[in-house]
Amino acid sequence: MAAPGKLRGLYAITDSELLAGGKLLPYVEAALAGGARLLQYRDKSTDEARRLREAEGLRTLCEHYGATLIINDDAELAARLSVGLHLGQEDGSLAAARALLGRQAIIGGTCHAQLALAEQAAREGASYVAFGRFFNSRTKPGAPAATLDLLETAKARVALPIVAIGGVDLHNAAPLIERGASMIAVIHALFAADSATEVERRARAFSALFESN
């Protein structure tokens, strides 16, 4: 599992609708082959057996490609698979998750557009903090907007890797990285593709942005 200080690059997040119909594993493998460093399994359904099966498949892929698997909002599943966890502001205590998963687990927290939430997350043991949305987002259209200035301020005041999320695509990602984002989290601009080959091409293009910054 990646050390918090080495969290940098493309952060791919799954979408159960985009990746339905057997696309989940081949599209995720394409993203990992293209350089995604973190993968968040995000599925809000109540089908626990399917979620476990899919998460196990994703863990195998991440291990093969040297990437880190993060489970969205399910500390018990993360603990069962010995993988990372991402918590939203309404998803439970970050400190409790740290106590459950141990010191080595990668645990991230959603901080919207609020520096105070990032500072709190750091105190509670977060491995990274996520700000967003930066642009119009299909996943969270009503989320408050974050700014490039917030990234710079957070980089100076919070000694953790920073994730930028929300409407990020290949045309707007570079300034986020330049102003302090350690990782860019992408859903639609990565996975809303006609083929796994296109997903890999996009992942390589996103990953290349970090080579020049």
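Scroll up for the structure.
Residues numbered from 1 in each chain as written. Predicted model: local features only at pLDDT ≥ 70, side-chain atom pairs only at ≥ 80, totals over all residues. Heavy atoms only, no water.

**Structural notes on the environment of Thr 110**
Threshold: Segments assigned H or I by DSSP are reported as helices when at least four residues long, segments assigned E as strands when at least two residues long, and all are numbered from the N terminus.
Note on placement: Thr 110 falls in strand β5 (residues 107-110). With 80 residues separating them in the primary sequence, Thr 110 and Ala 30 have C-alpha atoms 26 Å apart.

**Description of the nonpolar core**
Using the following cut-off: By convention a nonpolar core is built from buried Ala, Val, Leu, Ile, Met, Phe, Trp, Tyr and Cys residues, the set being connected through side-chain atoms within 4.5 Å. When a residue's accessible area, from a 1.4 Å probe over protein chains only, is under 20% of the maximum for its type it is buried; when over 50% it is exposed; and in between it is partly exposed. Note on contacts: a residue pair is in contact if any heavy atoms of the two residues lie within 4.5 Å.
Counting residues in each nonpolar core, the largest one holds 76 residues, and the members touching the most others are Tyr 11, Tyr 128, Val 129, Phe 131, Leu 190 and Phe 191. It is helix α1 (residues 24-33) that provides the largest number of residues to this core, a total of six residues. Each residue touching Val 129, except ones within four places of it in the same chain, is listed here: Gly 109, Cys 111, Ala 118, Ala 121, Val 158, Leu 160, Pro 161, Ile 162 and Val 163.

**Things to note about the layout of surface pockets**
The test is simple: A 1.4 Å probe that fits into a set of points on a 1 Å grid over the protein atoms alone but cannot get out defines a cavity; an open set with protein on both sides within 12 Å along at least five of seven lines defines a pocket, and lining residues are those with an atom within 4 Å of a point. Grid points are joined across faces, edges and corners, and a volume is the space filled by probe spheres set on the points. Throughout this entry, Asp, Glu, Lys and Arg are counted as charged residues, while Ala, Val, Leu, Ile, Met, Phe, Trp, Tyr, Cys and Pro are counted as nonpolar. The remaining residues, Gly among them, count as polar.
Counted as a void, the second largest pocket has a volume near 270 Å³. Around the second largest pocket, the lining residues are Asp 43, Lys 44, Ser 45, Glu 48, Arg 51, Leu 52, Asn 72, Asp 73, Asp 74, Glu 76, Leu 77 and Arg 80. Among the secondary structure elements, those contributing two or more residues to the lining of the second largest pocket are α2 (48-65) and α3 (75-81). Grouping the amino acids of the lining of the second largest pocket by side-chain chemistry returns two nonpolar, two polar and eight charged.

Limitation: the analysis is restricted to geometry and does not speak to function.
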